[in-house]
Amino acid sequence: MTMKISKSSFQFLKELKANNDRDWFNAHKDQYMMAKDEFDAFINALIAEISKFDPSIAHFTAKDCVFRIYRDVRFSKDKSPYKTHFGAHITSAPKKSEIHTRAG
């Protein structure tokens, strides 16, 4: 696997941590989209590599596995609207609706 995540993506996340508000995020939406696309490509490459020895995950794509950037702040004392990281959950569940029923 040769897909890498660039320094600019990590820089965006670092800046998001320092400026975690809606106005800043909307002004830097193009940077977010570039970082997200890069992370999605990384996850797709990772799924392809893992599926070589575990074919049960071959039917998933990054769209099925990557978490959204928006935080649920309803019951949180920290009202920061955005996560400051990217994350994904790759599992062998047969359907997207069952991903939380298996370890990943």
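What you are looking at is a predicted structure, and each value in this text was computed from that prediction instead of being measured.

Now, about the pattern of salt bridges: what can you tell me, with residues and values included?
Opposite charge on two side chains permits them to pair, given that their charged atoms come into close proximity. Considering all chains together, one arrives at four salt bridges under this definition. A salt bridge links D40 to K36; the nearest nitrogen and oxygen atoms lie 2.9 Å apart. Placement of the pair is D40 and K36 together in helix α3 (residues 29-50), with a separation of four residues, close to one helical turn. Close ionic contact of R71 with D78 constitutes a salt bridge, the shortest N to O distance being 3.8 Å. In this structure R71 comes out as partly exposed when scored by relative accessible area, which is 24%. By relative accessible area, which is 41% here, D78 ends up partly exposed.

Explain the packing of aromatic side chains residue by residue, including any values.
Counted by the stated rule, this structure contains nine aromatic pairs. Measuring from centroid to centroid gives 5.8 Å for F12 and W24, while their planes differ by 25°, and the two rings are stacked. One end of the pair, F12, is in helix α1 (residues 7-18); the other, W24, is in helix α2 (residues 22-27), with twelve residues separating them in the sequence. Note on F12: relative accessible area 2%, which makes it buried. Ring centres of Y32 and F86 lie 6.3 Å apart, and the angle between their planes is 20°; this geometry places the pair in the stacked category. With Y32 in helix α3 and F86 in the segment after α4 (62-65), the pair connects residues that are 54 residues apart, well separated along the chain. Using a relative accessible area of 18% as the deciding quantity, one classes F86 as buried. Here a set of aromatic residues connected by ring pairs shows up, and it is made of F12, W24, F25, Y32, F39, Y70, Y82 and F86.

Describe α1, naming the residues involved and giving the relevant values.
Over its twelve residues, α1 extends 17 Å from the first C-alpha to the last, a length consistent with the 16 Å expected when each residue adds 1.5 Å. For α1, the complete set of buried residues consists of S9, F12, L13 and L16. Axial view of α1: buried residues confined to an arc of 95°, hence all on one face. Exposed residues on α1 whose side chains face more than 90 degrees from its buried face are K7, S8, F10, K14, K17 and A18. Each element contacted by the buried residues of α1 is listed here: α2 and α3.

Basis of the calculations
- Counting restarts for each chain: residues are numbered from 1 in the order of the written sequence.
- The predicted origin of the model limits local features to residues at a pLDDT of at least 70 and limits the giving and counting of side-chain atom pairs to 80 or more, whereas totals for whole chains, interfaces and linings rest on all residues.
- The basis for every side-chain value is the complete set of heavy atoms in the structure, and neither hydrogens nor water enter the calculation.
- By salt bridge we mean one thing: a side-chain nitrogen of Lys or Arg within 4 Å of a carboxyl oxygen of Asp or Glu.
- Only DSSP runs of H or I with at least four residues qualify as helices, and only runs of E with at least two residues qualify as strands; both kinds are numbered from the N terminus onward.
- Only protein chains enter the accessibility calculation, which uses a 1.4 Å probe. A residue is then buried if its area is under 20% of the maximum for its type, exposed if over 50%, and partly exposed in between.
- Classification of ring pairs uses Phe, Tyr and Trp, with its six-membered ring standing for Trp, and accepts pairs whose centres are within 6.5 Å; under 30 degrees between planes counts as stacked, over 60 as edge-to-face, and the remaining range as tilted.
- One less than the residue count of a helix, multiplied by 1.5 Å, gives the span that helix is expected to have.
- Working note: the arc is built from the helix axis to C-beta atom directions.
- Contacts: residue pairs with any heavy atoms within 4.5 Å of one another.

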